[in-house]
Amino acid sequence: MSSYFTHLECSVPCGAPATDPRTVQHLCVCGAPLMARYDLAAARGWSRDSLAGRVASMWRYHEVMPLLDDEAPVTLGEGWTPMVPAPRLGAALGLSRLFIKDESLNPTNSFKARGLSAAVTRAAHLGATVLSIPTAGNAGNALAAYAARAGMDARVFMPRDVKTPFIRECELYGAHVTLVDGLITDAGRVAAETGTPLGWYDVSTLKEPYRIEGKKTMGYEVAEQLGWTLPDWIIYPTGGGTGMVGMWKAFAEMSALGWIDPVKRPKMVTVQASGCAPIIRAFEAGAEKAAPWENAHTVADGLRVPRAIGDFLVLRAVRDSGGAAVAVDDADMVAGMLDIGRLEGVSAAPEGGAALHALRTLIASGRVAPDDSVVLFNTGGALKYLDVLETR
Ligand SMILES: *Cc1c(COP(=O)(O)O)cnc(C)c1O
């Protein structure tokens, strides 16, 4: 598949020279995440009309994906998930234009598939053989599946108290699982201590530059599925923040391609758990970076991320968009899962339920108006979390 991918650049940017994607790259020399850049001026000859009839996966956007020399992707059909109109849930909330972007229908049940398909593709072409990841759950399952697909070894490091289905699904795809005392940040430390001396390829969120490229395709899909318009609001549960940062990057790219209105952007809403809300706290304090959250706890495993290396990028996207930052209690997330299931037949993880409750809060405060268009991200399915329904 052909692409306009050219180089990697610091996300700050700190002024360091461009780095070469033909060698293994992780962070910028300044310690910040690197971002893939494309020759978008040359790509302006690429018409969005050419997308009609293409493969029903995120690789339909291969021109803006990190591929070199017509490489083939490592794919299981991730992306191009349904944009489900949600009239019954909308009516219950008093909204006339509500959509659920249903990421539960990705391989391994969450949008992590997008990021890991892109990251494993690049790692495979760079000659990596052992891939390691610290994860709160879903990212480990996605890595395990894509590593199996590519014939590589996956080493997954997760918190010891992660829900059992996340462990079993890694085993299903033949991954090696290490359970670590503590949180994803502790898993990250152990993964690095174990893997660095052995030369394992680390695919931690934003510490490698390509997961964000997979996740940005959600932004392309929102525009394409809504007829090249963008919604007024995007409600997005945030852990490490790649989805948020990725979509914001996609809007800038589509604007440079001349595909969308150069000015109008959705207001981006970042949703976290009350028991782990570092980004919300930083947003409210007007800070540029987020201090680590102490004693993080929530039933939404994907949101149990006390410290994110891309925090400043999430905060920038929320502020530049005129969006909002909302923390949600666990009980309200579970109620949200049940509402999405009961009213629309969509299987929602607690993270999706959190997005719904955040939307309710914004409607109650008058920020979201009845005729605003809203895309609610259901980032994963309910099946791996069903124990949260038993303890109600
Ligand atoms: C990982 C995860 C999130 C958080 O995503 P980030 O891009 O890391 O912010 C949200 N929901 C689910 C279901 C997840 O697995």
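Residues numbered from 1 in each chain as written. Predicted model: local features only at pLDDT ≥ 70, side-chain atom pairs only at ≥ 80, totals over all residues. Heavy atoms only, no water.

1. Digging into the pattern of salt bridges
According to the stated counting rule, one finds 25 salt bridges in the structure shown. The salt bridge involving R22 is made with D69; its shortest N-O contact spans 2.9 Å. Of this pair, R22 sits in the loop between β1 (5–10) and β2 (34–38) while D69 sits in the loop between α1 (40–43) and β3 (83–85); the two residues are 47 residues apart in sequence, bridging distant segments of the chain. One network of salt bridges, with partners in common, ties together K101, E103, R114 and E221. (Salt bridge = Lys/Arg side-chain N within 4 Å of Asp/Glu carboxyl O. Helix = DSSP H or I, 4+ residues; strand = E, 2+ residues; numbered from the N terminus.)

2. A look at the packing of aromatic side chains
If you walk through the whole model with that rule in mind, you get ten aromatic pairs. Judged by centre distance (5.5 Å) and plane angle (40°), the rings of F5 and Y38 are tilted. Placement of F5 in strand β1 and of Y38 in strand β2 is noted, with a sequence separation of 33 residues between them. Here F5 matches Y38 in class, with each residue buried. Taken together, W46, Y61, Y220, W228 and W259 form an aromatic cluster joined through their ring pairs. In this structure, R60 packs its charged tip against the face of W80, placed 3.8 Å from the ring centre. K267 extends its terminal NZ or CZ atom over the ring of W233, reaching a point 5.2 Å from the ring centre. (Phe/Tyr/Trp six-rings, centres within 6.5 Å; stacked < 30°, edge-to-face > 60°. Buried < 20%, exposed > 50% of the residue type's maximum accessible area, 1.4 Å probe, protein only. Lys NZ or Arg CZ within 6 Å of the ring centre and 35° of its normal.)

3. Digging into unusual backbone geometry
Backbone geometry follows two general trends: most residues other than glycine have a negative phi, and most peptide bonds adopt the trans configuration. In this model, V12 is joined to P13 through a cis peptide bond whose omega is -15°. Position of P13 among the secondary structure elements: in the loop between β1 and β2. Positive phi is not limited to glycine here, since L206 has a value of about 65°. With respect to the element layout, L206 can be found in the loop between β8 (201–202) and α7 (211–225). Of the residues examined, L206 reaches a relative accessible area of 2% and is grouped as buried. Unlike most non-glycine residues, N295 shows phi in positive territory, near 50°. Considering the arrangement of structural elements, one finds N295 in the loop between α9 (278–285) and α10 (311–321). Residue classification places N295 among the exposed positions, given a relative accessible area of 67%.

4. What about the domain arrangement of the protein chain?
For the protein chain, the assigned domains are domain 1 (5–64), domain 2 (83–110 + 210–389) and domain 3 (112–202). Centre-to-centre separation of domain 1 and domain 3, based on C-alpha positions: 24 Å. Taken together, the contacts link eight residues of domain 1 with eight residues of domain 3. Summed over the three residues of domain 1 that lose the most area to domain 3, namely H26, M58 and W59, the buried surface amounts to 60% of that side. (Domains from an automatic or database assignment. Contact = heavy atoms within 4.5 Å. Buried area = accessible area lost by both parts, 1.4 Å probe.)

5. Describing the layout of surface pockets
In this structure, the largest pocket encloses a volume near 680 Å³. Of all the secondary structure elements, the ones that give two or more residues to the lining of the largest pocket are α4 (138–150), α6 (184–195), α7, β9 (233–237) and α8 (242–256). By residue number, the principal contributor to the lining of the largest pocket is α6, which donates four residues. Considering only residue class, the lining of the largest pocket consists of 14 nonpolar, 17 polar and ten charged. Here the lining of the largest pocket spans two domains, since at least three of its residues come from each of domain 2 (83–110 + 210–389) and domain 3 (112–202). Put simply, the second largest pocket is a space of about 330 Å³. Along its surface, the second largest pocket is lined by 14 residues, and M35, R37, W248, K249 and A252 are the ones closest to its centre. Where the lining of the second largest pocket is concerned, the elements lending two or more residues are β2, α8 and α10. Examining the composition of the lining of the second largest pocket, we find that five residues originate from one element, α8, more than from any other. (1 Å grid on protein atoms, 1.4 Å probe; cavity = no way out; pocket = protein on both sides within 12 Å on 5 of 7 lines; lining within 4 Å. Points joined across faces, edges and corners; volume = space filled by probe spheres on them. Nonpolar A, V, L, I, M, F, W, Y, C, P; charged D, E, K, R; others polar.)

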